[in-house]
Amino acid sequence: MKIPKAALAAMALIAGPAYAQYGPQPQAQVPPPQTAPPPAQGEQPAAPQRQYNLNRAERAAIQPAIVAVNAADWPTATTALVAAAEAARGNDAKYLVGQLRLQIGIGTNDRTLQSQGIDEMIASGGALPREMQALYENQLEFATAAGDTAKAERAMAQLDALNPNDPARFVRQALVRVRANDTPGAIALYQRAIEAKQAAGQPIPPEWRQQIAGLAYRARLPETMRYLREWLVAAPTPAIWHDTLVIYAELGNADRPLKLDVYRLVRAAGAMKGEGDYVQLAEAANDAHAYGEVKAVLEEGLARNLITTNQAYARERIQVTTARIAADRASLAGERTAALAGRDSAAVLRLAEAYYGYGEYGQAVELYRAALQKGGADTGLVNLRLGAALAMAGRRPEAETAFRAVTGPRADLAQLWLLWLSTRPA
């Protein structure tokens, strides 16, 4: 886990320490603290610079390291730090050694030095009370990343003692459980953090829902779709819509008919973001003889410059489909009359797909309902597509009723359609 440099830098802001009055003070060797402009009217004045109690030997040893760090001369700073550490006897001196080591670690991108510097600042006894939470949080992050569970748990115990009512304590514990490959334990701790936030009337970070969904997905837990929906409710962005639906298709080992249902919702949600999305939907619609949809989808992908390596395929498919459309549309009215009069639900369903593909959702609705009445069709599939047609026609209450009637393998997808409908204007 990468520690944000800003978080580390907050622990390492040395511009030359302000020494407490203890014998002769260093002059030119240590850069003076920078003077800040006076605060604007109504602003709080800046906090006074911290002073450190160092003896002469400590000052003499630490001073060259400070100068080298401020100059970003990392080889010189590293060498000087050896003497500074040997001379450090008091709490403030040990704290400064840790802070200098942390800055060298940041400057050289050395995580080992960063972690060691944090540990030294904590152990020094020279850190201010207001710094302890950030120090322990960084120690926890480094220990967790290194797989040092015992050290991570000690840091967590310190953080829990500092903030016994902080819901984030459970998140810290969850991260350790993740490192230990205890997915159920990690999810349970995230859930406790969410419950604590809810009890306190505080907003729940969407990232917590994301972590739960990611953990469940990687472990292929049965509850994965529920967690994905909860994440989607918390952050209904097009990118998350896309990822949730693609994961749904993957978990369900989607065949072409299911991919048609999945990618129709991806498109309705404005979440088509890649060439594969357009190709998958176009091929599934072609299998369903929804030729108008094939043409519209591929033309959209080309217009958005999202179909690139498959441009030749897309243009050829559009050309072939355009020729089919002319004959298909001419025969629809006669086929519709015959299908409605007959007993074959499959024929009615094929016509419903054709009308859906042409964007004639009212006609599609009539035919999907007729397929249900004739029997013999997969009611879960037909109710889902009936709901989709009603939704695209703007008939929200009827669409919700159809989606709620979906049972079987498409029930989770129907719930996602309902969620999308809930985001639409009434």
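What this report covers is the structure whose coordinates are included nearby. All figures in this text were calculated on a predicted structure; none of them were measured in a lab. (Residues numbered from 1 in each chain as written. Predicted model: local features only at pLDDT ≥ 70, side-chain atom pairs only at ≥ 80, totals over all residues. Heavy atoms only, no water.)

**What to know about unusual backbone geometry**
Excluding glycine, a negative phi dihedral is what most residues carry, and trans is how most peptide bonds are arranged.
Moving on, step 1. Phi is positive for alanine 72, which is not a glycine, with a value near 60 degrees.
Moving on, step 2. Residue position: alanine 72 is located in the loop between α2 (56–70) and α3 (74–87).
Moving on, step 3. Note on alanine 72: relative accessible area 42%, which makes it partly exposed.
Moving on, step 4. A positive phi angle, close to 65 degrees, is found at histidine 289, a residue other than glycine.
Moving on, step 5. Relative to the helices and strands, histidine 289 is located in the loop between α14 (275–287) and α15 (291–303). (Helix = DSSP H or I, 4+ residues; strand = E, 2+ residues; numbered from the N terminus. Buried < 20%, exposed > 50% of the residue type's maximum accessible area, 1.4 Å probe, protein only.)

**Things to note about the packing of helix α17 (residues 345–357) against helix α19 (residues 379–392)**
Moving on, step 1. With their axes 11 Å apart at the nearest point, α17 and α19 run at an angle of 25 degrees to one another. As the angle between them shows, α17 and α19 are arranged roughly parallel. In terms of crossing hand, the pair formed by α17 and α19 is left-handed. Of the residues in α19, those touching α17 at Leu349, Glu353 and Tyr356 are Leu381, Val382, Arg385, Ala388, Ala389 and Met392.
Moving on, step 2. Taken together, the residues of the contact of α17 with α19 break down into seven nonpolar, no polar and two charged. (Axes fitted to C-alpha atoms, helices over the stretch in contact; angles between N-to-C directions. Parallel < 35°, antiparallel > 145°, perpendicular 65-115°, else oblique. Left-handed = near helix turned anticlockwise from the far one by under 90°. Contact = heavy atoms within 4.5 Å. Nonpolar A, V, L, I, M, F, W, Y, C, P; charged D, E, K, R; others polar.)

**A short note on the nonpolar core**
Moving on, step 1. In this structure, Trp241, Val262, Tyr368, Phe403, Leu413 and Trp417 are the most contacted members of the largest nonpolar core, which totals 89 residues.
Moving on, step 2. Look past the residues within four positions of leucine 413 in its chain and what remains in contact with it is Leu245, Tyr248, Leu258, Asp261, Val262, Leu265 and Leu384.
Moving on, step 3. In terms of nonpolar packing, the next biggest core, distinct from the first, is built from 35 residues, Ala65, Ala88, Ile122 and Leu159 among them. (Core = buried A, V, L, I, M, F, W, Y, C linked by side-chain atoms within 4.5 Å.)

**Side note on the packing of aromatic side chains**
Moving on, step 1. In the structure shown here, the tally under the stated rule is four aromatic pairs.
Moving on, step 2. Taking the centre distance of 6.2 Å and the plane angle of 25 degrees together, the rings of tyrosine 52 and tyrosine 95 count as stacked. Residue tyrosine 52 is found in strand β2 (residues 51–52), and its partner tyrosine 95 is found in helix α4 (residues 91–108); the two are separated by 43 residues along the sequence. Of the two residues, tyrosine 52 and tyrosine 95, neither departs from the other in class, the shared state being buried.
Moving on, step 3. Between the aromatic rings of phenylalanine 403 and tryptophan 417, the centroid separation amounts to 5.4 Å while the plane-to-plane angle is 20 degrees, which identifies the pairing as stacked. One end of the pair, phenylalanine 403, is in helix α20 (residues 396–404); the other, tryptophan 417, is in helix α21 (residues 411–422), and 14 residues separate them in sequence. Judged on exposure class, the residue phenylalanine 403 and its partner tryptophan 417 are both buried.
Moving on, step 4. Three or more aromatic residues joined by ring pairs form one cluster here, namely Phe403, Trp417 and Trp420.
Moving on, step 5. For the cation-ring pair, arginine 220 lies above tyrosine 217, with the distance from its terminal atom to the ring centre recorded as 4.5 Å. (Phe/Tyr/Trp six-rings, centres within 6.5 Å; stacked < 30°, edge-to-face > 60°. Lys NZ or Arg CZ within 6 Å of the ring centre and 35° of its normal.)

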